[in-house]
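In case you want the letters, here they are:
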Amino acid sequence: MRWGVLGIPSRRCQLAIQQASYLGEKVLFPERLVLQSPQAIKTQNSTEYCGVGDGLKQSSQQESKVKKKKNKQAKGMASREVNVQDMMRVTLPTSQLVGETVALKERTDEFFNPMLNVQQKLAVKRILSGECRPTPYILFGPPGTGKTVTVIEAILQIHYTLPDSRVLVCAPSNAATDLICLRLHQSSLLKPGAMVRVNAAFRSAEQIDDMVKPYCKDGDDIQKALWSRIVITTCSSAGLFYQTDTRLGHFTHVILDEAGQASEPESLIPIGLISEAHGQIVLVGDPKQLGPVIKSTLALTFGLSVSLLERLTSRELYLRDEDAFGACGAYNPLLITKLTKNYRSHSALLALPSKLFYHKELEVCADTSVVTSLLNWGKLPRKGFPLIFHGIKGTETREGHSPSWFNPAEAVQVMQYCCHLAKNENAAVSVTDIGVITPYRKQVEKIKFLLRSIDLADIKVGTVEEFQGQEYTVIILSTVRSQEDLIDDEKYCLGFLCNPKRFNVAITRAKALLIVVGNPHVLVKDPCFCALLEYSLMNRVYVGCDLPSELECLQKCD
């Protein structure tokens, strides 16, 4: 029975791949964009754009850039079937993003969530209009930029504006899927029966949030679940609909959240349930964060660690193009919207990942009272700069035949920082606001043991994968590896010392303070950690052991 349950996701993926052939190149391998008539433009009174003079000027500039690009790369751009009128339709609304005077006649009730920023609103409008369908539309959301908020608004807008719509909302994990269901419930905008949550048969009720449970009752009957206009389930459980007589194209929209974490076959399970001609696919995620967890070496060799989201963003049609789309955030706004306003982190913590992964485009929009709350903490090497890089030459070790490493010296240092933070009478941080990230299960185990010994067991300690999508006031990162002659990482597929995506996730969870504990002589060998070391030295927040020779000059200059 156990093997039968474990084999179900794989069989569903295999079936989805077989079914995917009918989707065609427009979905799977898009090379050109053929625009469809808009399904809707929000709102009824603002479908006509104002300020045509300024808009035409900008559109003319855009057209000129496109023509130059065509001359430069004739073959590639010739495949993009976007004419001047299409570009005008793109440019006019997106000019709000670059300060032009063109504006839409907005009603006060245009959006259910009035707090959406300009980029989020534009993304919702693009999803609602669906001009690129069936070619997937991508909502590119770097850390802390409000992907989920945007998805909730888009689902509500589709539901209320397109009365014939039937939306299938999926994510790779139950946690991400439940979150969407919970947020839609909290909106109080859906009538009873409008939404259903479909669970796997073996999922226990104890794992489900009490507010989500009422939506799960109708989900037990797949045929009954189809009556609801909003169906929420995991990518794998979407395969349940293949076992019924579900009409091909029953779902008009498929919205895949955390799409970067789903393998491509897993993504194809829900996508295969829409019409290849008129269905709309929305992929939401960040190709710069963690991808699918693939343990098979053979599967890795054949590229299954690359998600559909990441693969599509590497295709020419989706590439960043400042010449052609400089006024629209550097991406074709009909196909991709990149959110850049970060509502999570202090500017000192956001600067490095913004530079390394997001073309320096992330903007600090976080709550000042939160992100500045620890600027005067007594252990900061430099007051007002909430980052510490604590260099330790510890000893890495393993127990028995376990491939998992741990570092006792780093574990103790992490415990000491947790104690200073949580038990400081002057500025104590709640244990629920502290997160400890480390790449190895054995180090997780050792740190948890130490924290229990000082009554701090409620501090969350886990691997990078367990922290994606989460945020904490304080993040402490223990890198563990200390032997300069690193071996076995490739064999056991462990660690994040050479994985930029894991590095990115690890350092972008913190809101007000980031503490990195590790051996600089090992970490300097990785480009990302080397950049972090250099950043720490330049800002005088490095403490601890001596530095490798290649970084000593930075310390002396400092």
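Residues numbered from 1 in each chain as written. Predicted model: local features only at pLDDT ≥ 70, side-chain atom pairs only at ≥ 80, totals over all residues. Heavy atoms only, no water.

Remarks on the sheet that holds strand 2 (residues 167-171)
And step 1. Across the sheet, 7 strands lie side by side as 3-4-2-5-6-1-7; this open sheet has parallel pairing. Of all strands in the sheet, those bounded by a partner on one side alone are strand 3 (195-197) and strand 7 (336-338). The mean inter-strand angle of the sheet, taken between neighbouring strand axes irrespective of direction, is 15 degrees.
And step 2. As defined by bridge partners, strand 2 adjoins strand 5 (residues 253-256) across 4 bridges and the pair is classed as parallel. (Pairing = 2+ DSSP bridges. Helix = DSSP H or I, 4+ residues; strand = E, 2+ residues; numbered from the N terminus. Axes fitted to C-alpha atoms, helices over the stretch in contact; angles between N-to-C directions.)

Notes on the sheet that holds strand 10 (residues 387-391)
And step 1. Judged by pairing direction, the sheet is parallel, and its 6 strands sit side by side in the order 12-11-13-14-10-15 without closing on themselves. Each end of this open sheet is capped by a strand with a single partner; those strands are strand 12 (460-462) and strand 15 (542-544). Pairwise comparison of adjacent strand axes, ignoring direction, gives a mean angle of 20 degrees for this sheet.
And step 2. Both strand 10 and strand 14 (residues 510-518) contribute to a ladder of 5 bridges, which runs parallel. Pairing of G391 across the sheet is with G518, part of strand 14.
And step 3. Packing against the sheet, helix 18 (residues 441-453) makes contact with strand 11 (434-437), strand 12 and strand 13 (472-478), and its axis sits at approximately 160 degrees to strand 12. (Contact = heavy atoms within 4.5 Å.)

Focus: the pairing of strand 5
And step 1. Side chains H253 and I255 of strand 5 all project onto a buried face; the interleaved residues V254 and L256 project onto the opposite face, where all are buried too.
And step 2. Sheet topology places strand 5 next to strand 6 (residues 280-285); 4 bridges connect them, and they run parallel. Each residue of the ladder has a partner; that of H253, found in strand 6, is Q280.
And step 3. In terms of handedness, the path from strand 5 via helix 11 (residues 264-271) over to strand 6 forms a crossover that is right-handed. (Buried < 20%, exposed > 50% of the residue type's maximum accessible area, 1.4 Å probe, protein only. Right-handed = clockwise from strand over helix to strand, strands pointing away.)

Structural notes on the pattern of salt bridges
And step 1. Within the structure shown, the criterion is met by 21 salt bridges.
And step 2. Put simply, R311 and E264 hold a salt bridge, and the shortest N to O gap is 2.6 Å. One end of the pair, R311, is in helix 13 (residues 308-313); the other, E264, is in helix 11, with 47 residues separating them in the sequence. We note that R311, like E264, is buried.
And step 3. A salt bridge links E471 to R344, with the nearest nitrogen and oxygen atoms 2.9 Å apart. One end of the pair, E471, is in the loop between helix 19 (464-467) and strand 13; the other, R344, is in the loop between strand 8 (341-342) and helix 15 (347-357), and 127 residues separate them in sequence.
And step 4. Taking the relative accessible area as the measure of exposure, R344 reaches 7% and is therefore buried.
And step 5. The structure contains a network of salt bridges with shared partners spanning R320, E322, K338 and E361. (Salt bridge = Lys/Arg side-chain N within 4 Å of Asp/Glu carboxyl O.)

Thoughts on the packing of helix 17 (residues 408-422) against helix 18
And step 1. Two numbers describe how helix 17 lies on helix 18: the axes approach to 9 Å, and their chain directions differ by 40 degrees. Taken as axis vectors, helix 17 and helix 18 run oblique relative to one another. The hand of the helix 17/helix 18 crossing is right-handed. Counted together, E410, A411, V412, V414, M415 and C418 of helix 17 and Q443, I447, L450, L451 and S453 of helix 18 form the full contact between these two elements.
And step 2. Its residues placed into classes, the contact of helix 17 with helix 18 shows 8 nonpolar, 2 polar and 1 charged. (Parallel < 35°, antiparallel > 145°, perpendicular 65-115°, else oblique. Left-handed = near helix turned anticlockwise from the far one by under 90°. Nonpolar A, V, L, I, M, F, W, Y, C, P; charged D, E, K, R; others polar.)

Considering the confidence of the model for the chain
Do not read the predicted coordinates in detail wherever pLDDT is low.
And step 1. In the predicted model, the chain carries a mean pLDDT of 83, and the fraction of residues at 70 or more is 83%.
And step 2. When pLDDT is averaged over each helix and strand of the chain, the minimum, 32, is found for helix 5 (residues 84-94) and the maximum, 98, for strand 10.
And step 3. Long-range and interchain partners of residues 43-108, a stretch whose pLDDT sits below 50, account for 103 contacts in this model, where long-range means more than four residues apart.
And step 4. In the predicted structure, residues 488-494 sits below a pLDDT of 50 and forms 11 contacts with residues beyond four places in sequence or in another chain. (pLDDT = per-residue confidence, 0-100.)

Notes on the packing of helix 15 against helix 23 (residues 527-538)
And step 1. For the pair helix 15 and helix 23, the least separation of the axes is 11 Å and the interaxial angle reads 140 degrees. The pairing of helix 15 with helix 23 is recorded here as oblique in orientation. For helix 15 against helix 23, the interelement crossing comes out right-handed. Across the interface between the two elements, A348, A351, L352, L356 and F357 from helix 15 touch C528, A531, L532 and Y535 from helix 23.

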